[in-house]
Amino acid sequence: MSNENNSVSPSEMNANELPDVPAFQDEFTSEFLQSVDPLKSGYYPFKSGTESFTMSFPEDFTIDKRSYNVGPENNSEFISMSQTDEQKEAFVNHRIDYINYMSDPENSRERMRNSSGQKLEFEEINTDFKKQHLEVAEYESGPFSVIAALIWNENNEGITIFSDIDCREDLNENQCLKAKDTQRESIMDMIKSIQFSTIEESE
């Protein structure tokens with residue numbers, strides 16, 4: 001395989017050189033993608049605008065430029081990303097909130113409970129990254145199934161994520177449940193790939 005594009009950022013490449021997938025065809029989203037070589041089928045390397053964390057970015061998602069926000073001195077970052085394919089049986093929207101100082105994981109859990117209006121029960125999830133922690137809770141909110149995730153590390157950096165799953169209106173209940181289960185697996189794959197850059201450098 002040729003490596004001639006490896007040193008060139010996708011944002012510097014011509015549109016016709018980029019993969020024909022929504023993540024690269026959206027100009028704003030492609031600025032966050034680090035390479036046109038997939039990490040695995042359907043996922044590309046992503047680095048946040050504050051350069052605070054990386055993850056495997058799904059090819060069929062785009063980032064909402066209007067809601068994207070970075071705080072003073074890169075102390076926070078908000079990313080809203082959603083699927084673009086209207087033919088999918090279930091759709092997902094992620095709201096990812098990074099802060100560079102999290103006083104206490106329990107305070108973050110309480111904020112997430114207050115934000116969702118739910119008594120969230122978090123469960124710790126094992127990942128490949130030993131120096132950071134991941135906890136996940138799930139709940140139903142109207143037609144949405146929601147996965148709430150909290151990630152933090154020993155440097156007191158924190159990331160909170162709310163991932164909403166909604167079914168297409170023409171699906172029956174069983175079809176909807178099956179479609180949501182498929183999306184749930186994809187959501188967890190993405191969340192478990194998130195790694196703080198400070199941890200990455202030290203490992």
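## Comments concerning the pairing of strand β8 (residues 132–141)
Pairing between strand β7 (residues 123–124) and β8: two bridges, direction antiparallel. Among the inter-strand pairings, glutamate 124 is bridged to a residue of β8, identified as glutamate 135. As judged from the 10 bridges shared by β8 and strand β9 (residues 144–153), these two strands associate in the antiparallel manner. Bridge pairing in β9 links glutamate 135 to leucine 150. Connecting the antiparallel pair β8 and β9 is a turn made up of two residues, with glycine 142 showing a positive phi of about 60°.

## Quick word on the environment of asparagine 16
On the secondary structure map, asparagine 16 appears in the segment before α1 (22–25). Relative accessible area serves as the criterion here: at 71%, asparagine 16 is assigned to the exposed category. Taking the C-alpha atoms as reference points, asparagine 16 and serine 163, 147 residues apart in sequence, are found 32 Å from one another.

## Considering the side chain of serine 193
By the secondary structure assignment, serine 193 is in the loop between α4 (173–192) and β11 (195–196). For serine 193, a relative accessible area of 15% gives the class buried. Among the polar contacts made by the side chain of serine 193, one reaches the main-chain amide nitrogen of serine 56 at a distance of 2.9 Å. When near neighbours in sequence (up to four residues on either side) are disregarded, serine 193 contacts Thr54, Met55, Ser56 and Phe129.

## A closer look at the sheet that holds strand β2 (residues 53–58)
Overall, antiparallel pairing links the three strands, which are arranged β1-β2-β11 in an open sheet. Because the sheet does not close on itself, it has two edges, and the strands there are β1 (43–47) and β11. Note: β1 against β2, five bridges, orientation antiparallel. Following the sheet pairing, tyrosine 44 is matched in β2 by phenylalanine 57.

## Describing empty space enclosed by the protein
Following the criterion strictly, the structure yields one cavity of 30 Å³ or more and no others. Estimates place the volume of the largest cavity at around 30 Å³. Thr127, Gln132, His133, Leu134, Ile151, Ile191, Lys192 and Ile194 together form the lining of the largest cavity. When contributions to the lining of the largest cavity are tallied by element, the ones reaching two or more residues are β8 and α4. Ranked by the residues each element gives to the lining of the largest cavity, the list is headed by β8, at three residues. Along the lines of polarity and charge, the residues of the lining of the largest cavity split into four nonpolar, three polar and one charged.

## Points about the layout of surface pockets
Put simply, the largest pocket is a space of about 310 Å³. Forming the walls of the largest pocket are 20 residues, and the residues nearest its centre are Asp60, Gln83, Lys88, Gln183 and Ser186. Among the secondary structure elements, those contributing two or more residues to the lining of the largest pocket are β6 (90–99) and α4. Counting residues per element, the lining of the largest pocket draws most heavily on α4, at seven residues. When grouped by side-chain class, the residues that make up the lining of the largest pocket number eight nonpolar, seven polar and five charged. Lining the second largest pocket are 15 residues, with Asp97, Arg111, Met112, Thr160 and Phe162 sitting closest to its centre.

The rules we used
- Residues numbered from 1 in each chain as written.
- Predicted model: local features only at pLDDT ≥ 70, side-chain atom pairs only at ≥ 80, totals over all residues.
- Heavy atoms only, no water.
- Pairing = 2+ DSSP bridges.
- Helix = DSSP H or I, 4+ residues; strand = E, 2+ residues; numbered from the N terminus.
- Buried < 20%, exposed > 50% of the residue type's maximum accessible area, 1.4 Å probe, protein only.
- Polar contact = N/O pair within 3.5 Å; in protein donor to acceptor, adjacent residues only side chain to side chain.
- Contact = heavy atoms within 4.5 Å.
- 1 Å grid on protein atoms, 1.4 Å probe; cavity = no way out; pocket = protein on both sides within 12 Å on 5 of 7 lines; lining within 4 Å.
- Points joined across faces, edges and corners; volume = space filled by probe spheres on them.
- Nonpolar A, V, L, I, M, F, W, Y, C, P; charged D, E, K, R; others polar.

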